[in-house]
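Residues per chain, in single letters:
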Amino acid sequence: MRRFKGSLIMSGIRVRFAPSPTGYLHVGGARTVLFNWLFARHTGGSLILRIEDTDVERSTEASTDAIIDSLQWLGLDWDEGPIVGGDYGPYFQSERLDIYREYADKLIKSGYAYPCYCTPEELNEARKAAMRQGKPPGYSGKCRDLSPEERRAKEAEGRRPALRFRVGEGETVVKDLIRGEVIFRNEFIDDFIIVKSDGYPTYNFAAVVDDTLMKITHIIRADEHLPNTPKQIMMYKALGFELPEFAHVSMILGKDKTKLSKRHGATSITQYRDAGYLPDALVNYLVLLGWAYDAEQQIFSREELIEKFTLDKVSKNPAIFDPDKLLWMNGYYIRETDTDSLTKLAIDHLSKAGLVSSEPSDEELTKIQAVVAILKERIRTVRDIVNQGDFFFTEEVTFDEEAFQEFLTRNYVPEMFRELKVRLEAISPFNRQTTEQVIRGYAKEIGRKAGEVIHPLRVALTGRSVSPGIFEVIEILGKDTCCKRIDSALRKLRQL
RNA sequence: GCUCCCAUCGUCUAGUGGCCUAGGACACCGCCCUUUCAAGGCGGCGGCGCGGAUUCGAAUUCCGCUGGGAGCGCCA
């Protein structure tokens, strides 16, 4: 992916992903980075990763690590930011406090910002009171025009002010690449806080300063930020900054059409990784949520995505996250993955389940590969290998009660199994072709349909009525195991 | 409540005034293949929210309505 750097003339386009480290990277955030990443790679621009850790209460280093980890897993790399550095750092907002101070001072001097002495509690009360009276819950403008004396009096009370931005008259127009012009009337926008009383900047303010200083040209982010944009534009203007382009991507919703959240099931990227999803599948699915190249194509390689992704094909309407389609796509990608790579992933899941060792011997590895090869057509997550292939690695099979009743209690089974065992023991070499020949031959001999032999045998060997092709199973299990399992099935039948 | 956004099959979408009796994908159903289950192939079900206007002609333009969503924090 990095080959785009250097081989293309830098376009000067700079985009960013700016998560707050207050949790894991979730599906919505992942789609936002993905769009930014694709836009950067498509245009030969740069992607900057900036950590917005100005919420001292909720930000954690663990979250930063988790987000970075997920990004790396997804294969979405950044050109500047944590780990890789860059010329416009620091890339943690908590390390840029003096910069915000400087610009806050400018706003105070130019009259765009003023101290507000109301406490969060007072504000909260006022909000509630307004709500009770059915009025808009906004800021009253109480500290807007305090005289120097009044300010000194408040200071004397020991109040530490927050800084508010003075919203002017008129209207603010957001020019959005996806939505066109959106007009906000300033009268509906309250004087908002730009610096908290603890000295930390708020999101809206810090983002404007950083995006400008980091020379961000395009802000691609989720729709929920659209109402923030007029506020930010006012600050750009007040500070004499040049406006970037904005592109607000619609949101990803859950099945109930509300903002996707934990209660909709898995939403963190790491959950999908652990559940056996492939990063390419997730990326491919996510890009389709709000973007389409043409009427037909569903599957896109990274290279194709980079080549074909443009903002004008991003749709405006919110998209509902559909786990079924993701699952289908993951299955598709699994089938496309070569067996060796898939085996590596399978070992993670199998060893976690205690079925194989995490550093398998050559012999064990060969077996795992064989299992993966026959299972990859029918699984949809890598973890399915554990669910569907556990019997390859266990000593005994666990019988599915229903399957046992249906196929093993048939009256012809005991005799058939005894004879089958004798015949299997005699086979050499023991492989899928030779065993198939013998078993089919035997079925014919006793005047039964192949299925009448195969189904009971499947239950004896795998414990269930559903499995990969029985002769492939037999080959991987090997002669000894097959005979042992026929014996234990017979033993269990005798105990009835 | 206020502000803003959005509106094509159940879901993701193609569609930018005539190529649309609306195309594809997932899901669902049926058939084929077949030792089961998948995979694969073939077929089916299913949609332009409503009302006006513009036009020879509207899924596509405009207005209204309705519906859904988001935002209204010293969170980001």
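What you are looking at is a predicted structure, and each value in this text was computed from that prediction instead of being measured.

Parameters and conventions
Residues numbered from 1 in each chain as written. Chains lettered and ligands numbered in written order. Predicted model: local features only at pLDDT ≥ 70, side-chain atom pairs only at ≥ 80, totals over all residues. Heavy atoms only, no water. Helix = DSSP H or I, 4+ residues; strand = E, 2+ residues; numbered from the N terminus. Buried < 20%, exposed > 50% of the residue type's maximum accessible area, 1.4 Å probe, protein only. Areas by Shrake-Rupley, 256 points an atom, 1.4 Å probe, with all protein chains shown as cover. Near = heavy atom within 4 Å. Polar contact = N/O pair within 3.5 Å; in protein donor to acceptor, adjacent residues only side chain to side chain. Nonpolar A, V, L, I, M, F, W, Y, C, P; charged D, E, K, R; others polar. Contact = heavy atoms within 4.5 Å. 1 Å grid on protein atoms, 1.4 Å probe; cavity = no way out; pocket = protein on both sides within 12 Å on 5 of 7 lines; lining within 4 Å. Points joined across faces, edges and corners; volume = space filled by probe spheres on them. Axes fitted to C-alpha atoms, helices over the stretch in contact; angles between N-to-C directions. Left-handed = near helix turned anticlockwise from the far one by under 90°. Pairing = 2+ DSSP bridges. Core = buried A, V, L, I, M, F, W, Y, C linked by side-chain atoms within 4.5 Å. Phe/Tyr/Trp six-rings, centres within 6.5 Å; stacked < 30°, edge-to-face > 60°. Lys NZ or Arg CZ within 6 Å of the ring centre and 35° of its normal.

### Considering the overall build of chain A
For chain A, the count of helices and strands is 20 helices and 11 strands. Summarising its shape, the C-alpha atoms of chain A cover approximately 105 × 55 × 40 Å along the three principal directions. Scored against the burial criterion, the 496 residues of chain A give a buried share of 49%. Carbon and sulfur atoms make up 50% of the accessible area of chain A, which amounts to about 24400 Å² in all.

### Quick notes on the protein's contact with RNA strand B
Inspection of the region around RNA strand B gives 64 residues, with Cys118, Lys196, Arg378, His455 and Arg458 positioned closest. Backbone atoms, meaning sugar and phosphate, form 71% of the atoms of RNA strand B found within 4 Å of the protein. Separating a phosphate oxygen of RNA strand B from a backbone N or O atom of tyrosine 203 is a distance of 3.1 Å. Secondary structure elements with two or more residues in the surface near RNA strand B: helix 5 (120–132), strand 6 (180–185), strand 11 (319–320), helix 12 (323–336), helix 19 (450–462) and helix 20 (470–495). Of the residues that constitute the surface near RNA strand B, the class distribution is 26 nonpolar, 16 polar and 22 charged.

### A look at the side chain of lysine 376
On the secondary structure map, lysine 376 appears in the loop between helix 14 (362–375) and helix 15 (384–389). Within the structure, lysine 376 has its side chain in polar contact with the backbone oxygen of threonine 337 (distance 2.6 Å). If near-sequence neighbours (up to four positions away) are discounted, lysine 376 is found in contact with Ile334, Arg335, Thr337, Asp338, Thr339 and Leu342.

### Comments concerning the layout of surface pockets
By volume, the largest pocket amounts to about 1200 Å³. Taken together, 37 residues form the lining of the largest pocket, with Pro19, Ser20, His26, Glu224 and His225 sitting closest to its centre. Mapped onto the lining of the largest pocket, the elements with two or more residues apiece are strand 1 (14–17), helix 2 (27–43) and strand 8 (218–222). When residues in the lining of the largest pocket are grouped by element, the largest group, four residues, is from helix 2.

### Considering the packing of helix 16 (residues 401–408) against helix 19
Relative to each other, helix 16 and helix 19 sit at 145°, their axes nearing to 9 Å. Our pair here, helix 16 against helix 19, has a crossing hand that is left-handed. When helix 16 is examined against helix 19, the residues Ala403, Phe404, Phe407 and Leu408 are found in contact with a partner set consisting of His455, Pro456, Val459 and Ala460. In terms of residue class, the contact of helix 16 with helix 19 is made up of seven nonpolar, one polar and no charged.

### Remarks on the sheet that holds strand 3 (residues 113–116)
In space, the three strands of this open sheet follow the order 3-4-7, with antiparallel pairing throughout. Here the strands that pair on one side only, and so sit at the sheet edges, are strand 3 and strand 7 (193–195). On average, each strand axis in the sheet is inclined to that of its neighbour by 45°, with strand direction left out of account. In the sheet, strand 3 pairs with strand 4 (residues 162–165) via four bridges, with the strands oriented antiparallel. Each residue of the ladder has a partner; that of proline 115, found in strand 4, is leucine 163.

### Some points on the nonpolar core
Across soluble globular proteins, you tend to see nonpolar side chains buried next to one another. One finds Phe321 and Phe417 to be the most contacted residues of the largest nonpolar core, which totals 107 residues. Top contributing element to this core by residue count: helix 20, with 11 residues. The next biggest cluster of nonpolar side chains, apart from the first, holds 34 residues, and it includes Val167, Phe192, Ala206 and Phe241.

### A word on the packing of aromatic side chains
Using the criterion set out here, one finds 16 aromatic pairs in the structure. Note on phenylalanine 35 and phenylalanine 309: the rings are 5.2 Å apart at their centroids and 50° apart in plane angle, and the pair reads as tilted. Highlighted residues: phenylalanine 35 in helix 2 and phenylalanine 309 in the loop between helix 11 (302–308) and strand 11, separated in sequence by 274 residues. For the pair shown, phenylalanine 35 and phenylalanine 309 are each scored as buried. On the numbers, 6.5 Å between centres and 35° between planes, the contact of tryptophan 291 with tyrosine 293 is tilted. Overall, tyrosine 293 belongs to the partly exposed group, its relative accessible area being 30%. The ring of tyrosine 293 carries the charged tip of lysine 313 above its face, separated from the ring centre by 6.0 Å. Here the guanidinium or amino end of arginine 448 rests over the ring plane of tyrosine 412, the centre of that ring lying 3.7 Å away.

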